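Each chain is listed here by its residues.
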Amino acid sequence: MYRSKKYLRRLVLSFSVLVLMLLVVFSGTLYFNAEKIILTMQREANTKVLSQIKFNMTYLNDVIQRLAMSLYYDNDIIPLMTASEDSDIFDTLTKRSRIDKFADYTPFIHSIMIYNAKTDRFIWGGDPAVQERDAPIYGALRALFKGTGPLPKLQMVPMSLSGDRSRADVFSIFKYDAFEYRQGESVFVLNIRPQWLFDNMKVMNQLAWQENENVFILADDGRILSSDPVAPPMDEAFKKAMLTHVHRQPAADTGSFNYSLGSKPKIVNYLNTGINGWTLISIQSYETLVSKADSLKTTSIVLTAVFLLLALLATLGISHRLYRPLGKLVSFVRQDSDDEAGPKPPDGDELSYMTGIYQETRNRLLLARSEQLTSRHIVRSYSIRTIITDGAALTRKDLIELIQAQKLRMDAEGPYLLCVMKLDEPDGASGREDDPDRRLLRFAIANIAQELLARTYAIETVELKHDHVAALIGMPDASAAALDRIRQEIAGIQAIIATMYRATFSAALSDGIPEYRLLHGHYAACLQQLRYTLAFGRQAVITPSMIRDNLSSAEAALPPELEKKLIESMKSNQDEGFEKTLDTIFAFIASLNYEYMVYMVLHVLIVMRQAIKEINASRIVSLPGERGDINRKIMDCATLADMKLMLLDVYRGMNESKRSPEEERSEILVDAIKDIIVQNHADANLGLQMIADMMKLSPDYIGRLFKKQAGLSVAEYINDARLRQAVHYLEHGDYTINDLIERIGFGTRSNFFRLFKNKYGTTPKEYRIKRNLLE
């Protein structure tokens, strides 16, 4: 039975393997994570215990701080801190007696001490342990008051009454006036009994004796705070490890880690109390907690085996029930399928077989539907094109039948409005009509226009040749207000296309068209209107009224007064006047018929060239010619605004090349001086005076001019020219050094050697030897 039904076999095996894998994974995960779960739960419980202790400590710390502040400003305390040697002894004893009684009646106060800096004496009250003047605590306090280290203010500082620093017999709180303690300042000391804290920790240990072995306080310096003479067993390595964990994560209030204390591993939880850098520590036995996870092992194995057996039995029953409808469906498909529906898969899988038949059938259905939709779209588009471009050849009956057959959204009776939209060329270069990107843009324009305008008007859109998209709009109302609304709708479509596709298009709107036979003529008129995008710019919406003056214009020549102003402004370097004149000229060009616009722009360019030619005729240094093929660039421009920018660039390039007559004269004089030096460098008398006599100019003027233009003096240039000639003779001649010095015009041998070495870093002889070796 299973051999002939592969899907059923796979179903049974899949369920069985899945159940087996899940059981193994979950049972193993349960067992292996039991230890982690128990440890996590215990750490959370420990954190709660430590948090409770922290809360108790924080609460009492706040109470003690307020009590210290209150006592510090008490009328009995202040005089004792400021009294001098000759103060009233009886009054001092009376106030001390009150302090003593207050300390005795407050259970958590051990004693009160007042350090008078003026008399360098302590006044105490409270426990008899501090009434002896030579008690160890006084020595410890004097060391703090007279030491260089900071004295904590309103913080509990563990102090020992016996001198044993490892003990914490009292917690001392210091209060003084200054922000930071300075030597010679009186201090108020409140000593708190630590039993309230240690007893609280002891109670917590007793409540959690099965889980916690020890809870104690670790100070920031590694001391374990305890009133018990025998501190909890703790080695120095643990203290170091604990401090490392706490300091490594100063921003964390709590944490935990494992540590081997002696021979047994321990689990350590710690919690920052926020008081004096103290940390609460909890230590537990790792083995005690982990042993609880072992009890799950046997239970997991037994439950896994029992559940696996039951799951296998349930799998057989469920698989057969699930397969029953599928088996009937396979039999039905095999009975009704033919050979064209697809061959039976070689593996005999029932679902694969039915999937193949379904896929083949679905592909055929989609292909048929696609062909049907494509054919309908082609016929529909052809019908709309026919109505727009050849509507006069249709009878009214043919038009009505065409509208009904293709379900066109238009009225055979009219009236209509025609809108023709054409993609703009961003860079002035004509794009290919079959470009996929442009096809996508035409499709987007047609669909967006159809969707937006169809909310108000009956409209049909169609793509035409040469990047055109036509929209045939039903317009019962052809008033000026209705036409203005259509213009606003078209402007909205332009904004959407610009935002979504970073492209622009221009549009031409016709006047109201009373009947369909006139569509062809208005379509031709719209195409003519679109040509005036050259004048109105990209994203223009052009109506017949906007170009009526252009069509009636017969002008074909630039007014002579404008041409004269343009030439004068170029010759006189009047930038503002040139730009204003050019604006006026282009405003005139924008009013012309399209046929004359580009011709007139080229005529303006010819006028500018003639002006530059006349300027060069009177200049010593001619202006450079135009950069690039300006004629081709102007022809490639899509708008008059772009053409105007081209002409402005020509004018600005001309101005950038201009220099003042004084600068040109200076350049010519410097070039003449250089020529004189090159031709007469061998003359030993060549110098500034000789050059000035030859040029009939002042030596001072020539020296300043040459220094300014060439960047070095005439004498430096003469020496440089002679050294260059010397190098030439060394490389290509066979002259002696003395002959060479005479030929290049140096007066002295030492001067020549000095200048040569300064410039080339070697002597002439060494230079000649090195060049010969290299050759």
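Here the focus is the overall build of the protein chain. The helix and strand inventory of the protein chain stands at 26 helices and 15 strands. Expressed as a percentage of the 775 residues in the protein chain, the buried residues total 41%. Put simply, of all contacts in the protein chain between residues at least 6 apart along the chain, 62% involve residues at least 24 apart. Of the accessible surface of the protein chain, which amounts to about 43,400 Å², a share of 56% is contributed by carbon and sulfur atoms.

Bringing a nonpolar patch on the surface into the picture now. A grouping of Val 302, Val 306, Leu 309, Leu 310 and Leu 313 is seen on the molecular surface, where their side chains present a nonpolar patch of about 490 Å² in accessible area. Looking at where Val 306 falls in the secondary structure, it is placed in helix H7 (residues 286-336). Under the relative-accessibility criterion, Val 306 is labelled partly exposed at 47%.

The 5 strands lie next to each other as S12-S13-S11-S14-S15, forming an open sheet whose pairing is mixed. Where the open sheet ends on each side, the last strands, each with one partner, are strand S12 (459-463) and strand S15 (541-542). Across 2 bridges, the pairing between strand S14 (residues 505-509) and S15 is parallel. Its bridge partner lying in S15, Ala 507 is registered against Val 541. The sheet contacts of helix H11 (residues 480-501) involve strand S11 (416-423), strand S13 (468-474), S14 and S15, and relative to S14 the element is tilted by about 165°. Seen against the sheet, helix H12 (residues 519-530) touches S11, S13, S14 and S15 and runs at an angle of roughly 35° to S11.

Here the focus is the confidence of the model for the protein chain. For the protein chain, per-residue confidence averages 80 on the pLDDT scale, and residues scoring 70 or more make up 87% of the total. In this model residues 339-343 is a low-confidence stretch, pLDDT under 50, and it forms 6 contacts with partners more than four residues away in sequence or in other chains.

Glancing now at the nonpolar core. Counting residues in hydrophobic clusters, the biggest one holds 51 residues, and the most contacted among them are Phe 188 and Leu 190. The element that contributes the greatest number of residues to this core is helix H1 (residues 6-72), accounting for 9 residues. If we skip the residues at most four places from it in the chain, Phe 188 touches Ala 68, Leu 71, Tyr 72, Ile 77, Met 81, Ile 112, Met 113, Ile 114, Ile 173, Phe 174 and Lys 175. Membership of the second largest hydrophobic core comes to 37 residues, among which are Tyr 532, Ile 542, Leu 566 and Ile 615.

If you walk through the whole model with that rule in mind, you get 21 aromatic pairs. Ring geometry for Tyr 729 against Tyr 735: centres 5.3 Å apart, planes inclined by 70°, an arrangement best described as edge-to-face. Sitting over the ring of Tyr 717, Arg 724 keeps its end group 5.8 Å from the ring centre. The ring centre of Tyr 760 lies 5.7 Å from the NZ or CZ of Lys 759, which sits over that ring.

Here we come to the state of the cysteines. Enumeration according to the criterion identifies 0 disulfides in this entry. Lacking any disulfide linkage, Cys 419 is separated from the closest cysteine sulfur, that of Cys 526, by 7.4 Å. On the basis of relative accessibility, which here comes to 0%, the residue Cys 419 falls in the buried class. Judged by relative accessible area, Cys 526 falls into the buried class, the value being 0%.

Another point: the pairing of strand S10 (residues 279-285). Summarising burial for S10: 7 of the 7 residues are buried, a large majority. Here S10 shows no split at all, with Thr 279, Ile 281, Ile 283 and Ser 285 on one side and Leu 280, Ser 282 and Gln 284 on the other all buried. By the bridge criterion, 7 bridges tie strand S9 (residues 264-272) to S10 in an arrangement that is antiparallel. Pairing of Val 268 across the sheet is with Ile 283, part of S10. Here S9 folds back onto S10, and the loop between the two strands holds 6 residues, one of which, Gly 274, carries a positive phi near 75°.

The next point concerns helix H23 (residues 714-732). Here H23 spans 27 Å end to end across 19 residues, near enough to the 27 Å set by a 1.5 Å rise per residue. For H23, every residue scored as buried is listed here: Val 714, Tyr 717, Ile 718, Asp 720, Ala 721, Arg 722, Leu 723, Ala 726, Val 727, Tyr 729 and Leu 730.

The antiparallel open sheet is built from 5 strands, whose spatial order is S2-S1-S5-S4-S3. With partners counted over all chains shown, the strands left at the sheet margins are strand S2 (121-126) and strand S3 (157-159), one partner each. Looking at each pair of strands side by side, their axes are set apart by 25° on average, direction ignored. Pairing geometry for strand S1 (residues 109-116) and strand S5 (residues 187-192), over 6 bridges, is antiparallel. By the bridge assignment, Ile 112 is partnered in S5 with Leu 190.

Omega for the bond connecting Gly 414 with Pro 415 falls within 30 degrees of zero, at -5°, which places this linkage in the cis form. Here Pro 415 lies in the loop between helix H9 (396-406) and S11. The phi dihedral of Asp 120 falls on the positive side, at around 55°, and the residue is not glycine. Tracing the backbone shows Asp 120 in the loop between S1 and S2. On the basis of relative accessibility, which here comes to 30%, the residue Asp 120 falls in the partly exposed class. If you check the backbone angles, Lys 407 has positive phi at about 55° while not being a glycine.

Let us look at the pattern of salt bridges. Under the counting rule described, the total for this entry stands at 17 salt bridges. Here Asp 636 and Arg 632 are joined by a salt bridge, their closest N and O atoms 3.2 Å apart. Separated by 4 residues within a single helix, Asp 636 and Arg 632 lie in helix H18 (residues 630-636), roughly one turn from each other. Classification of Arg 632 as partly exposed rests on a relative accessible area of 45%. Among the charged side chains, a network of salt bridges with common partners joins Asp 120, Arg 142 and Lys 146.

How each quantity is defined
Just so you know, the residues in each chain are numbered from 1, in the order the chain's sequence is written. Thresholds applied to this predicted model are a pLDDT of at least 70 for local features of residues and 80 or more for the giving and counting of side-chain atom pairs; totals over whole chains, interfaces and linings are not thresholded and use all residues. Values reported for side chains reflect all heavy atoms of the structure, with hydrogen atoms and water molecules removed beforehand. By the criteria applied, helices consist of DSSP H or I runs no shorter than four residues and strands consist of E runs no shorter than two, each listed in order from the N terminus. The cut-offs for exposure are 20% and 50% of the maximum accessible area for each residue type, with area from a 1.4 Å probe on protein chains only; residues under the lower value are buried, those over the upper are exposed, and the others partly exposed. Should any heavy atoms of two residues lie within 4.5 Å, those residues are considered in contact. Only the protein chains shown count as cover for residues, and all accessible areas are computed by the Shrake-Rupley method using a 1.4 Å probe. Each patch is assembled from residues with relative accessible area greater than 30% and no salt bridge, linking like charges that lie within 9 Å and nonpolar side chains (Val, Leu, Ile, Met, Phe, Trp, Tyr) that lie within 5 Å. Salt bridges are defined by distance alone: a side-chain nitrogen of Lys or Arg within 4 Å of a carboxyl oxygen of Asp or Glu. For two strands to count as paired, DSSP must find a minimum of two bridges between them. Between N-to-C directions, angles span 0 to 180 degrees; the directions come from axes that are lines fitted to C-alpha atoms, helices contributing only their stretch in contact. pLDDT: the predictor's confidence for each residue, scored from 0 to 100. We define a nonpolar core as any set of buried Ala, Val, Leu, Ile, Met, Phe, Trp, Tyr and Cys residues linked to one another through side-chain atoms lying within 4.5 Å. Each pair of aromatic rings taken from Phe, Tyr and Trp, with Trp reduced to its six-membered ring, is defined by centres within 6.5 Å and is described as stacked if the planes are under 30 degrees apart, edge-to-face if over 60, and tilted in the remaining cases. Lysine and arginine charges are scored as sitting over a ring when NZ or CZ, respectively, is within 6 Å of the ring centre and within 35 degrees of the ring normal. Cysteine sulfur atoms are paired as a disulfide whenever they fall within 2.5 Å. What a helix is expected to span follows from its residue count: subtract one and scale by 1.5 Å.

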